[in-house]
Amino acid sequence: MHTYKSGCIFNTLSDIKDRHIVVMGLGLNGGGEACVRFFLKHGAYVLATDMKTAEQLKPTIDRLASDPELNTSRLTYRLGEHCIEDFKNADCVIKNPGVKIEGNKYLSAAKNIETDISIFLHFTKAPVIAVTGSKGKSSTVSAIHYGLNSAGYTAFLGGNITVSPLTFLEKTTEKTPVVLELSSWQLADLRGRGSLKPKISIITKIVPDHQNWYHAMEPYVADKRLIYAGQSTSDYSIFDMEGDEPGTGPEQGGTWGDLFAGESKARVLRYALSPLPAGTYGVFQTREADGSFAGKAILPGMNEPETIMKELIVPGEHMKINALNAALVLRLMDVPAEKCVQIMSKWPGIDHRLQFFHEYKGVRFYNDSCATVPEAAAAASQSFAKPVYLMTGGTDKGLELDPLINTLTGNIQGAVPVKSLYLLNGTATDKLLPALNQTGTEYKGPFNSLEEMLSALKNEIDSSSEKDGIAVFSPGATSFGMFANEFDRGNKYMDGVRKLFS
């Protein structure tokens, strides 16, 4: 595992002026573009390099070229290739987190390597609330950000949720909380730097992910553990209290949540689906005397748990976990319990995560394109307490598909069967098919495009006499090959539905 030097190449922002910066990965999602803008603004010479061509990157290039506030005379491009001399000659390379440093000849040639996250953390004075995990990261950070701003804070949101924190660095102060969603790759790029010291850290549910990159759970989780490595006894760490999926826990036994809790130097809080054991602090889910849902917190100094969350407008049992952790963060930020309940009851959810966006003949359409692991797609199929039209499948990323297979084939007691199953073509779908065929589970497809899949779904809905229903697009896989990324996939799905189901 690569360890970086402590600190940052730049002592002050003024140190950036006239430095030669290589931004590795211009991209289309905004991160590379934000880095280009930041370093041009601070007077650097910037070379943006990407293996994509100028034609592929045209939207990003056009936005930079049309911005009159940028001195683009200091900006050059190396597109469709990388040149090792660019990396050798640069004062600093800004690394894309999706590029492995091990065995990369270009990064090996660099004198200094930073990321947008490492630059941000070095310079900001803001209290940081950092979230990582396998499932629910984006929902959790979005709920925290919504809650803090609703409570009167001026809070910022960035990181893996596709907003570079460099876009708001100079707006942050000691009084502006910053919520960061951090992927395992982004955390790995902080190893050894000593810059990540969150006031509050959260690790959401851990399941196998990115195993085509890590090839085992231990190194994957080792990067996750970096989120609390720099915390002190004045900070908070929030970890899972439940057991792990069979065969996915630590090699030495126990649970990931217990392992994290034993390592963190911060004050440890836990989240659970049922009341916490005596002496354990955190949040849990329960039912009131009238049968209504309640999320409760028990913190040091409390004699009895207090209610900090009630029913949500966002569907899905798994969303309650994410929202309850957000409510816990609000409480730790001195938001009164009653105010936490009021705020979270109005949280609308976020784009591409069980996002309701259209209705046709009584069928409500949901976009869950950011479900990129099988567990998330399985959870989406069970989020409405009624059979759904489920659209799933995509590109394999080295994950076991058992959670989704068991849900679809009825191997989980109490699972609600899907109304109809539609499969989008891809290598993950290829891994689903043998189990579906063996168990006689009916499905439609696989389809080679969204258009084909949606047309088939429309035929079924139009021929049905039922007046209501739920249609969910939850791939449980990545989007490589057919789409630029999961956000492009979700947008194309919603556009297709609005066009066809008008």
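Summarised in this report is the structure supplied together with it. (Residues numbered from 1 in each chain as written. Predicted model: local features only at pLDDT ≥ 70, side-chain atom pairs only at ≥ 80, totals over all residues. Heavy atoms only, no water.)

## Describing empty space enclosed by the protein
Okay, so step 1: Taken as a whole and assessed by the stated rule, the structure comprises 2 cavities of 30 Å³ or more.
Okay, so step 2: When its volume is computed, the largest cavity comes out at roughly 40 Å³.
Okay, so step 3: Along its surface, the largest cavity is lined by I203, T204, I206, D240, D244, W256, G257 and F260.
Okay, so step 4: The dominant element in the lining of the largest cavity, judged by the number of residues it contributes, is helix α11 (residues 256–263), at 3 residues.
Okay, so step 5: Across the lining of the largest cavity, the residue classes break down as 4 nonpolar, 2 polar and 2 charged.
Okay, so step 6: Lining the second largest cavity are T392, G393, G394, L401, L404, A428, T429, L432, P475, G476 and A477.
Okay, so step 7: When residues of the lining of the second largest cavity are assigned to their parent elements, the largest contribution, 3 residues, is made by helix α16 (residues 427–439).
Okay, so step 8: Among the residues forming the lining of the second largest cavity, the class breakdown is 6 nonpolar, 5 polar and no charged. (1 Å grid on protein atoms, 1.4 Å probe; cavity = no way out; pocket = protein on both sides within 12 Å on 5 of 7 lines; lining within 4 Å. Points joined across faces, edges and corners; volume = space filled by probe spheres on them. Helix = DSSP H or I, 4+ residues; strand = E, 2+ residues; numbered from the N terminus. Nonpolar A, V, L, I, M, F, W, Y, C, P; charged D, E, K, R; others polar.)

## Some remarks on the pairing of strand β1 (residues 20–24)
Put simply, side chains in a regular strand alternate between the two faces of the sheet.
Okay, so step 1: Among the 5 residues that make up β1, 4 are buried, leaving the element largely enclosed by the rest of the structure.
Okay, so step 2: Summarising the sheet, β1 and strand β2 (residues 45–50) pair through 5 bridges and their orientation is parallel. Residue V23 lies in a different strand from β2, and its bridge partner there is A48.
Okay, so step 3: As paired elements, β1 and strand β4 (residues 92–94) share 3 bridges and run parallel to each other. Bridging from a neighbouring strand, I21 pairs with C92 of β4. (Buried < 20%, exposed > 50% of the residue type's maximum accessible area, 1.4 Å probe, protein only. Pairing = 2+ DSSP bridges.)

## Remarks on the side chain of T255
Okay, so step 1: You can see T255 is positioned in the loop between β10 (236–240) and α11.
Okay, so step 2: We classify T255 as buried; its relative accessible area is 17%.
Okay, so step 3: Apart from residues no more than four positions distant in its own chain, T255 is found in contact with E242, G243, D244 and P250. (Contact = heavy atoms within 4.5 Å.)

## A few points about the nonpolar core
Okay, so step 1: With 52 residues, the main nonpolar core has F10, V36, F39 and F260 as its most contacted residues.
Okay, so step 2: Once you skip the residues sitting within four places of it in the chain, F260 turns out to touch I203, I206, V221, R225, Y228 and F239.
Okay, so step 3: With 40 residues, the next largest nonpolar core counts I161, V179, I308 and M344 among its residues. (Core = buried A, V, L, I, M, F, W, Y, C linked by side-chain atoms within 4.5 Å.)

## Describing unusual backbone geometry
Okay, so step 1: Note the cis peptide between G445 and P446, where omega equals 0°.
Okay, so step 2: As for its placement among the helices and strands, P446 is situated in strand β19 (residues 444–447).
Okay, so step 3: The backbone phi angle of D18 is positive, close to 70°, even though this residue is not glycine.
Okay, so step 4: In this fold, D18 is placed in the segment before β1.

## As for the packing of aromatic side chains
Okay, so step 1: Overall, the coordinates contain 16 aromatic pairs when judged by the stated rule.
Okay, so step 2: For the pair F87 and Y106, a centre-to-centre distance of 5.4 Å together with 40° between the ring planes defines the contact as tilted. Note that F87 is positioned in helix α3 (residues 84–89) and Y106 in helix α4 (residues 105–108), a separation of 19 residues in sequence.
Okay, so step 3: Residue classification places Y106 among the buried residues on the basis of a relative accessible area of 19%.
Okay, so step 4: A network of ring pairs unites the aromatic residues Y228, F239, W256 and F260 as a single cluster.
Okay, so step 5: A cation over a ring is seen here: R74 above Y45, with NZ or CZ 4.1 Å from the ring centre.
Okay, so step 6: Here R193 stacks its cationic end above the ring of Y4, 3.9 Å away from the centre of that ring. (Phe/Tyr/Trp six-rings, centres within 6.5 Å; stacked < 30°, edge-to-face > 60°. Lys NZ or Arg CZ within 6 Å of the ring centre and 35° of its normal.)

## Some thoughts on the environment of G257
Okay, so step 1: Inspection of the secondary structure assignment puts G257 in helix α11.
Okay, so step 2: With 192 residues separating them in the primary sequence, G257 and S449 have C-alpha atoms 40 Å apart.
Okay, so step 3: Apart from the residues lying within four places of it in its own chain, the contact partners of G257 are F239, D240 and R270.

## Let's talk about the layout of surface pockets
Okay, so step 1: Each pocket or cavity is described by its volume, and for the second largest pocket that value is around 310 Å³.
Okay, so step 2: As for the second largest pocket, its lining consists of 15 residues, of which R37, F38, K41, L166 and T167 are closest to the centre.
Okay, so step 3: Grouping the amino acids of the lining of the second largest pocket by side-chain chemistry returns 7 nonpolar, 2 polar and 6 charged.

## Overview of the sheet that holds strand β3 (residues 75–79)
Okay, so step 1: With respect to topology, 5 strands assemble into an open sheet ordered β3-β2-β1-β4-β5, the strand pairing being parallel. Bordering the open sheet on either side are β3 and β5 (113–114), each of which pairs with just one other strand.

## Quick look at the pattern of salt bridges
Okay, so step 1: A full pass over the atoms with the stated rule returns 27 salt bridges.
Okay, so step 2: With a closest N to O distance of 3.3 Å, E170 and K41 form a salt bridge. Note that E170 is positioned in the loop between β7 (156–159) and β8 (178–181) and K41 in helix α1 (residues 31–41), a separation of 129 residues in sequence.
Okay, so step 3: When its relative accessible area of 44% is taken as the criterion, E170 is described as partly exposed.
Okay, so step 4: Classification of K41 as exposed rests on a relative accessible area of 58%.
Okay, so step 5: Note that K492 is salt-bridged to D488, the shortest N-O span being 2.5 Å. Of this pair, K492 and D488 both sit in helix α18 (residues 486–500), 4 residues apart, roughly one helical turn.
Okay, so step 6: A cluster of three or more residues bridged by salt bridges with shared partners is formed by E33, R37, R63 and D67. (Salt bridge = Lys/Arg side-chain N within 4 Å of Asp/Glu carboxyl O.)

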